[in-house]
Amino acid sequence: GTFGVYKIYSEKSEVQQAEGLAAAYTDYSPAVSFDNTKTYEEIFYDFSAKLKRLKKINNHIVGWIYIPLTNIDYPVVKGEDNSYYLTHTPDGSYSAAGSIFVDARGFNEDNTIIYGHNMGSSSNIMFHDITNFSQSEFFNNVQWGYFITDNVIVRLNIFAYSLTKPLSGFYSDNVALDFIKENSVNYREPAVQGTMYTLSTCAYDFDDARAVLSCIGEKVYVLNN
């Protein structure tokens, strides 16, 4: 999402309020479980109890995204459109930072798009840290993230960082690896096979820029029920 120039100069109080609202969900995070090398099954069952509690707050909450060595560690929502959660937290409070949310078109076997704000250089909440992947050393060190829903753990193999414009080919259902490779700032060959996940935020490299992390999602645990 973007607020244009306003965002860079947004009042500190609004950013601080957004940071407080974002921190409210920290207790639900599965990060410790991943970092303690539990099995995926153990992590799933630890987190599924937390996710049930989250869904009581709002049944738009569909899961959680976590990328080690970043601040990306948040519930993920899916709304009726792509505007409401630009300015609302998962519990419906107003927040300039909004929420992390799946494109309203939903989970797509070809390309699932997940959006989050970049609040500018003054704050590293929400999807700000996607822009850290512009640094090749950081990109080389952080190759995996996780997305957990109520029936699966998807391990995200981060393979490209790119700068683009809204509605570019990165957001299409049939984005090809060749297209990503040709249009990326940092790239490595994917390490796994699976489905495409595109994580998108604002960038300040040029007008209306978007920073995109391209990932291959590999299902590492699936609930059999």
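## So, the environment of Pro68
Then comes step 1: Within the element layout of this structure, Pro68 appears in the loop between strand 1 (61–66) and strand 2 (73–77).
Then comes step 2: As a C-alpha pair, Pro68 and Tyr146 span 78 residues in sequence and 8.7 Å in three-dimensional space.

## What to know about the pairing of strand 5 (residues 144–148)
Then comes step 1: In terms of burial, strand 5 is largely enclosed, as four of its five residues are buried.
Then comes step 2: Note that strand 5 and strand 6 (residues 152–164) share five bridges and pair antiparallel. Bridge pairing links Tyr146 to Arg155 in strand 6.
Then comes step 3: Hairpin connection between strand 5 and strand 6: a loop of three residues separates the two successive antiparallel strands.

## As for the side chain of Ser184
Then comes step 1: Residue position: Ser184 is located in strand 7 (residues 184–187).
Then comes step 2: Using a relative accessible area of 19% as the deciding quantity, one classes Ser184 as buried.
Then comes step 3: Of the polar contacts made by the side chain of Ser184, one reaches the backbone oxygen of Lys181; its length is 3.0 Å.
Then comes step 4: Contact partners of Ser184, with chain neighbours within four places excluded, come to Ala160, Tyr161 and Ser162.

## Some points on helix 4 (residues 40–57)
Then comes step 1: Taking 1.5 Å per residue as the helical rise, helix 4 with its 18 residues ought to reach 26 Å, and the 25 Å between its terminal C-alpha atoms agrees with that figure.
Then comes step 2: Where helix 4 bends most, the angle comes to about 25°, and this point is Ser48.
Then comes step 3: Those residues of helix 4 that are buried are in contact with helix 3 (31–35), strand 1, strand 5, strand 6 and strand 9 (210–222).

## Notes on the nonpolar core
Then comes step 1: With 36 residues, the main nonpolar core has Ile65, Ile114, Phe133, Leu199 and Leu213 as its most contacted residues.
Then comes step 2: Sorting the residues of this core by element identifies helix 2 (12–23), strand 1, strand 2, strand 3 (100–102), helix 5 (136–141), strand 6, strand 8 (195–202) and strand 9 as the ones contributing at least two each.
Then comes step 3: Residue contributions to this core peak at five residues, all from strand 6.
Then comes step 4: Setting aside anything within four residues of it in sequence, one finds Ile65 in contact with Ile72, Asp73, Tyr74, Val76, Ile100, Ile114, Phe127, Tyr146, Phe147, Leu156 and Leu199.

## Some remarks on unusual backbone geometry
Then comes step 1: In the Ramachandran plot, Leu69 falls in the positive-phi region, its phi being about 65° despite a non-glycine side chain.
Then comes step 2: Looking at where Leu69 falls in the secondary structure, it is placed in the loop between strand 1 and strand 2.
Then comes step 3: Phi at Asp208 takes a positive value of approximately 60°, unusual for a residue other than glycine.
Then comes step 4: Its place among the elements puts Asp208 in the loop between strand 8 and strand 9.

## What to know about helix 2
Then comes step 1: Helix length check: helix 2, at 12 residues, gives a terminal C-alpha distance of 16 Å against a target of 16 Å (1.5 Å per residue), a fit within 8%.
Then comes step 2: Within helix 2, the full set of buried residues consists of Glu14, Val15, Ala18 and Ala22. The arc that holds the buried residues of helix 2, viewed along the axis, is 100°, so those residues lie on one side. Residues of helix 2 that are exposed and point more than 90 degrees away from the buried face comprise Lys12 and Gln16.

## A look at the side chain of Ser33
Then comes step 1: Along the chain, Ser33 falls in helix 3.
Then comes step 2: Contact partners of Ser33, with chain neighbours within four places excluded, come to Lys38, Ile43 and Asp46.

## Let's talk about the confidence of the model for the chain
Caution applies to low-pLDDT parts of the model: their predicted coordinates are not meant to be read in detail.
Then comes step 1: On average, residues of the chain carry a pLDDT of 91, and 95% of them reach 70 or more.
Then comes step 2: Within the chain, strand 7 carries the highest mean pLDDT (98), whereas helix 1 (residues 5–8) carries the lowest (51).

## Points about the pairing of strand 6
Both faces of the sheet carry side chains from a regular strand, because those side chains alternate between them.
Then comes step 1: In terms of burial, strand 6 is a largely internal element, 11 of the 13 residues being buried.
Then comes step 2: Examined bridge by bridge, strand 6 and strand 9 share 12 bridges and lie antiparallel to one another. Looking at strand 9, one finds that Ser162 is bridged to Val212.

The rules we used
Residues numbered from 1 in each chain as written. Predicted model: local features only at pLDDT ≥ 70, side-chain atom pairs only at ≥ 80, totals over all residues. Heavy atoms only, no water. Helix = DSSP H or I, 4+ residues; strand = E, 2+ residues; numbered from the N terminus. Buried < 20%, exposed > 50% of the residue type's maximum accessible area, 1.4 Å probe, protein only. Pairing = 2+ DSSP bridges. Polar contact = N/O pair within 3.5 Å; in protein donor to acceptor, adjacent residues only side chain to side chain. Contact = heavy atoms within 4.5 Å. Expected span 1.5 Å × (residues − 1). Bend = angle between axes of the 7 residues up to and from the residue. Core = buried A, V, L, I, M, F, W, Y, C linked by side-chain atoms within 4.5 Å. Arc of directions from axis to C-beta. pLDDT = per-residue confidence, 0-100.

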